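So you can see what is in the structure, the chains are spelled out below.
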Amino acid sequence: MYSFTRINDDVTYIGGSDRRLALFENMYPLTNGISYNSYIIMDEKTAIVDTVDKSVDRVFFENVEHILDGKKLDYIIINHMEPDHAATLGDMIIRYPEVQIVGNIKTLAMIKQYFEFEVDSRFVTVCEGDSLELGKHNLTFYMAPMVHWPEVMVTYDSKDKMLYSADAFGIFGALSGNVFADEMDFENTCLDEARRYYTNIVGKYGQQVQMLLKKVSGLEIEMICPLHGPVWRENLSWYIDKYNLWSTYTPETNTALIVYASIYGGTENAVHILAAKLAEQGIHDIVMYDVSKTHVSYIISEAFRCSHIVFASPTYNMGIFTNMETVLLDLVAHNLQKRKVAFIENGSWAPVSGKLMKEVVDKMKNTEIIGDVITVKSTVKSEQIQAFDKLASVIADSIKQ
Ligand code: FEO
């Protein structure tokens, strides 16, 4: 049965939520599912802005049929071709064979990669700044390459001052009836998952996100309609400010993130000693994660949030402990930069993880290594406590600057 939410007189939310999915993109753990958003605009001409993932296709098809109520579907606008949004495009062509698909030249190529239906005759190619008139609603398209794929574009409706923003401004997490962000305690219940979504999915492409933000900054925007998570109609600048921080790799919180690996507890003990000394030095909101326990996507998100990072790892097969190496390489892959970093290494006979971790961190732009590397041989000894005091002082002084 259909289940939809009216956004305003002409626009209706017709997407759905999947709480069963364990791993988004078969990689990122979901604790409360994800929503796949789609919107239908009813005017003299009718248009759907993006379709949905296969998992919610049934409710989507029923929504489309119910809202159209016998009226012709004129356009499907494809802002993003990734299958979590475009997987149902082929089924829509079977149901609505006269519909025209609106996208850019890169969209067209991708449709041909994913589908075998005849596309050229029903494709409307749009370029930067082109418009499509539906009647009262006039839609303008702006290219947003690599936010998150090369074909991504966003759609602006000048009548309602609405920006259909594709993946931008999306979050992990299903919708639970409330479709608008102002109907939720977003900062306390959704912000962490918004950050984890942004940093892991789009985080690498900060420069491209900045280009998009600058491009749309001249538009009067009263509502942002993303492809995942809630619609924004209040306090837009608060969320845009978060995007400005994340996409410029600017820390949100001046504190220490401690990321560690430990096999028999020696390195874990070392980071607890350091954390306690940081707390003694007045540092608040210290966070600590075991890379063998916490999925890398949460650590990526926290690394984008925090200003200072301590990496502590045993030496393993003359390298970095595997899960720690994964975290470090993933941080480099996501283009993290502008951080202050310190190291603790451990090794029962030939500790080299500090040197090797530094070699990876050296690839992060504008990142400074602070303090001396502390070398633990199996377990911390009392004569090393001074070295922990010293490292804690260096980190604390840097945080307080
Ligand atoms: Fe939600 Fe890049 O797809």
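Just above, that's the structure.
Residues numbered from 1 in each chain as written. Predicted model: local features only at pLDDT ≥ 70, side-chain atom pairs only at ≥ 80, totals over all residues. Heavy atoms only, no water.

Considering the overall build of the protein chain
Selection rule: The helix and strand labels rest on DSSP assignments: H or I over at least four residues marks a helix, E over at least two residues marks a strand, and numbering proceeds from the N terminus. Throughout this description, buried means an accessible area under 20% of the type-specific maximum (1.4 Å probe, protein chains only), exposed means over 50%, and partly exposed covers the range between. By definition, residues are in contact when any of their heavy atoms lie within 4.5 Å. Computed with a 1.4 Å probe, the accessible areas rest on the Shrake-Rupley method; for each residue, only the protein chains presented here act as cover. Here the positive residues are Lys and Arg and the negative ones are Asp and Glu; neither His nor the chain ends is included. A single reference atom marks each charge: NZ on Lys, CZ on Arg, CG on Asp, CD on Glu.
What the protein chain contains, in helices and strands, is 13 helices and 23 strands. Expressed as a percentage of the 401 residues in the protein chain, the buried residues total 57%. Residue pairs in contact within the protein chain that sit at least 24 positions apart in sequence constitute 73% of those at least 6 positions apart. If you sum the accessible surface of the protein chain, you get close to 16900 Å²; carbon and sulfur atoms cover 49% of it. A gap of 4 Å separates the mean positions of the 36 positive and 53 negative side-chain charges of the protein chain.

Observations regarding the environment of Lys390
Note that Lys390 resides in helix α13 (residues 385–400). Residue class for Lys390 comes out exposed when judged on its relative accessible area of 52%. In this structure the C-alpha to C-alpha distance between Lys390 and Pro29, which are 361 residues apart in sequence, comes to 38 Å.

Considerations on the packing of aromatic side chains
Let me state the cut-off plainly: Stacked, edge-to-face and tilted labels apply to pairs of Phe, Tyr and Trp rings (six-membered ring for Trp) whose centres lie within 6.5 Å, assigned for plane angles under 30 degrees, over 60, and everything in between, in that order. When the NZ atom of lysine or the CZ atom of arginine is within 6 Å of a ring's centre and also within 35 degrees of its normal, the charge is said to sit over that ring.
One pass over the structure, following the stated rule, counts 24 aromatic pairs. Taken together, the aromatic side chains of Phe169, Phe186, Tyr198, Trp232, Trp238, Tyr239, Tyr243 and Trp246 make up a single cluster linked through ring pairs. For Arg95, the ring lying beneath its charged end belongs to Phe61, and the centroid distance is 3.9 Å. Across the ring face of Tyr298, the terminal group of Arg196 is positioned such that the distance to the ring centre comes to 4.0 Å.

What to know about the packing of helix α9 (residues 266–280) against α13
Put simply, the rule reads: Simply put, an axis is a line fit to the C-alpha atoms, just over the touching stretch for a helix, and the angle between two N-to-C directions goes from 0 to 180 degrees. Orientation labels follow simple angle bins: below 35 degrees gives roughly parallel, above 145 gives roughly antiparallel, 65 to 115 gives roughly perpendicular, and whatever is left gives oblique. A crossing counts as left-handed when the near helix is turned anticlockwise from the far one by less than a right angle, and as right-handed when that turn is clockwise. Under the scheme applied, nonpolar residues are Ala, Val, Leu, Ile, Met, Phe, Trp, Tyr, Cys and Pro; charged residues are Asp, Glu, Lys and Arg; polar residues are all the others, including Gly.
Following both chains from N to C, one finds α9 and α13 inclined at 50 degrees, their axes separated by 9 Å at the closest point. One way to sum up the angle between α9 and α13 is to call them oblique. Between α9 and α13 lies a crossing of right-handed hand. Of the residues in α13, those touching α9 at Ala270, Ile273, Leu274, Lys277 and Leu278 are Ile385, Phe388, Asp389, Leu391, Ala392, Ile395 and Ala396. Its residues placed into classes, the contact of α9 with α13 shows 10 nonpolar, no polar and two charged.

Description of the sheet that holds strand β13 (residues 138–143)
Rules: For two strands to be treated as a pair, DSSP must find at least two bridges joining them.
Spatial strand order, β12-β13-β14-β15-β16: five strands in an open sheet with mixed pairing. Of all the strands in the sheet, the pair left with one neighbour each is β12 (131–133) and β16 (223–225). Going from strand to strand, the sheet's axes swing by 20 degrees on average, the running direction of each strand aside. In this sheet, strand β15 (residues 162–164) lies alongside strand β14 (residues 153–157) in antiparallel orientation, the contact comprising three bridges. Paired with Tyr156 across the two strands is Leu163, which belongs to β15.

Details of helix α6 (residues 191–202)
How we decide: What a helix should span is 1.5 Å times the count of its residues minus one.
Helix length check: α6 (12 residues) gives 16 Å between terminal C-alpha atoms against 16 Å at 1.5 Å per residue, within 8%. Counting buried positions along α6 gives 11 out of 12 residues, so the element sits mostly inside the fold. Those residues of α6 that sit buried are Leu191, Glu193, Ala194, Arg195, Arg196, Tyr197, Tyr198, Thr199, Asn200, Ile201 and Val202. Residues of α6 that are buried sit in contact with β4 (23–24), β5 (28–29), α5 (186–189), α7 (206–216), α8 (236–247) and α10 (296–305).

Details of the packing of α6 against α10
Axes are the key here: two packed helices are described by the angle between their axes and the distance separating the axes. Across the interface, α6 lies against α10 with an axial gap of 8 Å and an inter-helix angle of 95 degrees. With respect to each other, α6 and α10 are oriented roughly perpendicular. Along the contact surface, α6 presents Asp192, Glu193, Arg195, Arg196, Thr199 and Asn200, while α10 presents Ser297, Tyr298, Ile300, Ser301, Phe304 and Arg305. Taken together, the residues of the contact of α6 with α10 sort by class into three nonpolar, four polar and five charged.

Considering the sheet that holds strand β1 (residues 5–6)
The strand order across the open sheet formed by seven strands is β1-β2-β7-β8-β9-β10-β11, and the pairing between neighbours is mixed. Strands with a single pairing partner mark the edges of an open sheet, and in this sheet they are β1 and β11 (123–125). Pairing between strand β8 (residues 46–49) and strand β9 (residues 75–77): three bridges, direction parallel. Residue pairing for β9: Ile48 is matched across the bridge by Ile76.

A short note on the nonpolar core
Stated precisely, the cut-off is as follows: In this description, a nonpolar core means a group of buried Ala, Val, Leu, Ile, Met, Phe, Trp, Tyr and Cys residues linked to one another through side-chain atoms lying within 4.5 Å.
In this structure, Phe24, Met92, Ile101, Ile111, Phe186 and Tyr239 are the most contacted members of the largest nonpolar core, which totals 68 residues. Among the elements that make up this core, the one with the highest residue count is α6 (six residues). Those residues in contact with Phe186 that lie beyond four places of it in its chain are Ile171, Ala181, Leu191, Ala194, Pro230, Trp232, Trp238 and Tyr239. With 29 residues, the next largest nonpolar core counts Ile300, Met324, Leu331 and Leu336 among its residues.

Digging into the state of the cysteines
As a reminder of what qualifies: For the purposes of this analysis, a disulfide is any pair of cysteine sulfur atoms at a distance within 2.5 Å.
Counted according to the given criterion, the structure contains zero disulfides. Not engaged in a disulfide, the cysteine Cys190 finds its nearest cysteine sulfur in Cys225; these two sulfurs lie 16 Å apart.

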